[in-house]
Structure formats: structure tokens, C-alpha cells
Amino acid sequence: MEPLTFVLFGATGDLARRKILPALFLLYLKGVFVSGSEVVAFSRRDWSDQEYRDFVLPVFKDEDQKKVKDFLNIVKYVSGVFEDQRGYEKLKQSIKNDHVILHMAVRPESHIQIIHGLDKAKVKGKVLIEKPFGHDYASADALEKELEKYVSVQNIFRVDHYLGKKGLDEVLRKRKEDVGFSSTLNKEHVESIHFRFIESIDIEGRGEFYDSVGAVSDVGQNHLLSMVSSFFVDIKASKNVCGARAEVLKGLSVIRVIRGQYSGYVEEKNVDRDSKTETYFKVQLASQNENWKGVPMSIEGGKALVEKRSDITIKFKDGSEYVFDIDNPKKPDAYEVILDAAIKGDDSRFVCGDEMMESWRLADEVKKRMGEVELMVYERGWNIK
């Protein structure tokens, strides 16, 4: 393995502290960061290396402090704002390795701005982009075209951390290894399939963000459709897994939509008092795949519900059912899996361009249908039947 420079934009943000840095620490413990490797944190605060290390140290309070110190010693800090080219020039000077990963844990509107700055500074590497990738089909298409002016397709890694869930790996393993089970996955044996991502928490103070996005864009277009495409993907597709997932989505259409909003949502901070933004949805889908024609399929997601669950439930015509719990096993953490894959150049854990566009095609259709149905109001803790 060669030395690596991992650049983290948005290094003082919540995602960087809660998920990305802990994942990098675990990879460091596994020897992924060989001698000479470095983590470069980029953010607007005027800090020294040590001030940034002190800032993130509480994240590792439950870890071996000697190992944490060793890890933080390879972490450097570069101060800069996305609008100022001087920050990118400083960043270029701090990078000492040829293997470079540029992780953008920032707001979507900053993606292109950062890419432009990096291009002018002649900083090259694999570019990791966090969801959302645009806000609809048109904006996603525009983002993709602009990105490809500066970054080669094979160096664009779109992050949906659900593709790092070991629970999804279990789906593929079961299909490959249990021939008897796999032989029942078709319209002759299956009554229905239900994909679910529900949470007991509410929007937790993220009113400005959530009210502009809604549940479909927050978890439907990405996490849930990633679950769908991963479940139905051709198990023989070992080289172009991402393309195979895109083919699954191409064969899906929207049949029926239900939308809801939890009671009290419009009183949340930074939420429009007349908001019709959905905090819950259920969508019935249909597949054109000959093996699945006529089998009811649905995706469901939302907040302020009775429990937190992420699963796939298959009901069979003989009255039995099988449930995949996507959140188990909980380790390794999805971000650890995702970042390890990026470092190794494994694109099967990331969303490809075609897959992204097909997911937005479906999400746009869902949103269009939502404008035609009544908004249901439900109480917090609603136990969906």
C-alpha cells in the first residue's frame, strides 16, 4: 500500500466529527494509513493543527488515548473558505502524497465551488461527494455534467453510506449461498416485498434543511432505493455492480403514494407555518422484470414514528415471511466500510451516475404524485399498521 493523503472538507461539521473521523481512526488502527500518510482537515476557522486536534479529541473519549494521540499526529489543518482561492493553494502545498482522496462533507451548493478551486490549484484525486446529489433530476444532471468537466468519471465516488451496511451484504450473501431461498424469490412464491426506513426521532432542530427537502429526498431517493436496487441486483454482476443496480431502478414505476406529516411539525424552528413538507411517505412500486411482474412492492420512510427500523420484509404466498434487518450487524460501521472501499478504489460501494439519475426519476414521480394526494397528519410515536 502507498502513503495516502485524505483531505476532509467541512472538517468542523457534524458529519465529519460523528462519522468520518471515527471511521478514519478505525482504518488507521487496521494499518490502512501506512507510514507517510496524512489526514488534512480543511475548514474556515483560523486554527493551528493542534487547535483542530483539541477540537475533535472529545469524539474519541472512549478510545485508547495513546492510539488516539498517534492518529491525531497525522492530522493537519488548513484554514480556508470555499470562495477564496488562497485556501486551495495552501492545501496544495500541504499535500505530500500522490494518492489523494478529497472528501466533500459539505452542503451540496458548495460542491462545484470546491471543484473549481481544486482545479485551479491543480489538486487532483478521488472525489467523494456526500448526498444529496442535487434536489431533483434536472439539478442532479446539471451537477453531473459540471463535475465531469473537471473530474474523470472513474474518480467520482458518490457516497450513500447505506451501501456500506453489512446488513445489505447479508442480503446478497443469502441470495448467493442459499439456493433454496433464492429459488423462491419470484412472482410464483412471493406475495409482497416491503422496504422500510423509519425513525422515532423528529427533525431534531434541522427545520431549515428538512423543510426544503422532505422525507422522500432525505431517505427515499437514496437509502431506500439503494436497499431496493441492492436486493434485486443480479447476483452474477460481479464487475459492474453499480450498473446492475441502475438496471433494477430502470425497471421500476410508481403506482400509489401516501404522504404524512407529524403533528406539531409546522411549529418546529425554521419550518414554514403553512408547510406541506412530508415527514412520512409510503410508495407502492411495480417492476417490469418478468420474474417480479404483479408482485406488490413498497418503500416506506419517515420520522417521529413508533420505533427506529431499517428492514426488508418478504411475505410468501404460503403464509411465511423472511425479514432482513439492515441495521444488523452494526459493526463494522458503514462509514468505515465506505472509506476503506474508496481508498482501495472499489466503486461497488458507491452510487454511479446512471443509478443516481434513475433514483431521481423515481423520486420526481413520487413528488409529483404527492401533490395530488391529501397530506395526512399523524401523532408522534405513530405505530404504523
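Residues numbered from 1 in each chain as written. Predicted model: local features only at pLDDT ≥ 70, side-chain atom pairs only at ≥ 80, totals over all residues. Heavy atoms only, no water.

**What about the layout of surface pockets?**
- Its boundaries defined by the atoms lining it, the second largest pocket holds a volume of some 420 Å³.
- Surrounding the second largest pocket, 20 residues form its lining, Arg 175, Phe 232, Asn 289, Asn 291 and Trp 292 being those nearest its centre.
- Only α9 (207-232) and α10 (241-250) provide two or more residues apiece to the lining of the second largest pocket.
- Ranked by residues supplied to the lining of the second largest pocket, first place goes to α10 with three residues.
- Taken together, the residues of the lining of the second largest pocket break down into ten nonpolar, seven polar and three charged. (1 Å grid on protein atoms, 1.4 Å probe; cavity = no way out; pocket = protein on both sides within 12 Å on 5 of 7 lines; lining within 4 Å. Points joined across faces, edges and corners; volume = space filled by probe spheres on them. Helix = DSSP H or I, 4+ residues; strand = E, 2+ residues; numbered from the N terminus. Nonpolar A, V, L, I, M, F, W, Y, C, P; charged D, E, K, R; others polar.)

**Observations regarding the pairing of strand β11 (residues 309-316)**
- With six of eight residues buried, β11 lies mostly within the body of the structure.
- Note that strand β7 (residues 190-198) and β11 share eight bridges and pair antiparallel. Within the sheet, the bridge partner assigned to Phe 197 lies in β11 and is Ser 310.
- Here β11 runs beside strand β12 (residues 321-325); their pairing, made up of five bridges, is antiparallel. When the sheet's bridge partners are listed, Lys 315 is paired in β12 with Glu 321.
- Linking two consecutive strands that pair antiparallel, namely β11 and β12, is a turn of four residues; a positive phi of about 95° is found at Gly 319 within it. (Buried < 20%, exposed > 50% of the residue type's maximum accessible area, 1.4 Å probe, protein only. Pairing = 2+ DSSP bridges.)

**Focus: the packing of aromatic side chains**
- Under the counting rule described, the total for this entry stands at 28 aromatic pairs.
- Summarising the aromatic geometry, the rings of Phe 42 and Phe 82 are spaced 6.2 Å apart at their centres and angled 10° between planes, so their arrangement reads as stacked. Highlighted residues: Phe 42 in strand β2 (residues 38-43) and Phe 82 in the loop between β3 (75-79) and α4 (85-94), separated in sequence by 40 residues. By the burial criterion, Phe 42 is buried, and Phe 82 matches it. (Phe/Tyr/Trp six-rings, centres within 6.5 Å; stacked < 30°, edge-to-face > 60°.)

**Describing the sheet that holds β12**
- The strand order across the open sheet built from seven strands is β12-β11-β7-β10-β9-β8-β13, with neighbouring strands paired in mixed fashion. Because the sheet does not close on itself, it has two edges, and the strands there are β12 and β13 (375-378). Adjacent strand axes in the sheet meet at a mean angle of 20°, parallel and antiparallel pairs treated alike.
- In this structure, strand β8 (residues 252-262) lies alongside strand β9 (residues 280-287), joined through eight bridges in antiparallel fashion. Across the sheet, the residue bridging to Arg 256 is Gln 284, located in β9.
- The strands touched by α9 within the sheet are β7, β8, β9, β10 (297-302), β11 and β12, with β7 carrying the most contacts at an inclination of about 140°. (Axes fitted to C-alpha atoms, helices over the stretch in contact; angles between N-to-C directions. Contact = heavy atoms within 4.5 Å.)

**Considering the side chain of Gln 261**
- Tracing the backbone shows Gln 261 in strand β8.
- At 3.2 Å, the side chain of Gln 261 forms a polar contact with the backbone oxygen of Ser 275.
- Those residues in contact with Gln 261 that sit more than four places away from it in its chain are Val 266, Ser 275, Lys 276, Thr 277, Thr 279, Leu 375, Met 376, Val 377 and Tyr 378. (Polar contact = N/O pair within 3.5 Å; in protein donor to acceptor, adjacent residues only side chain to side chain.)

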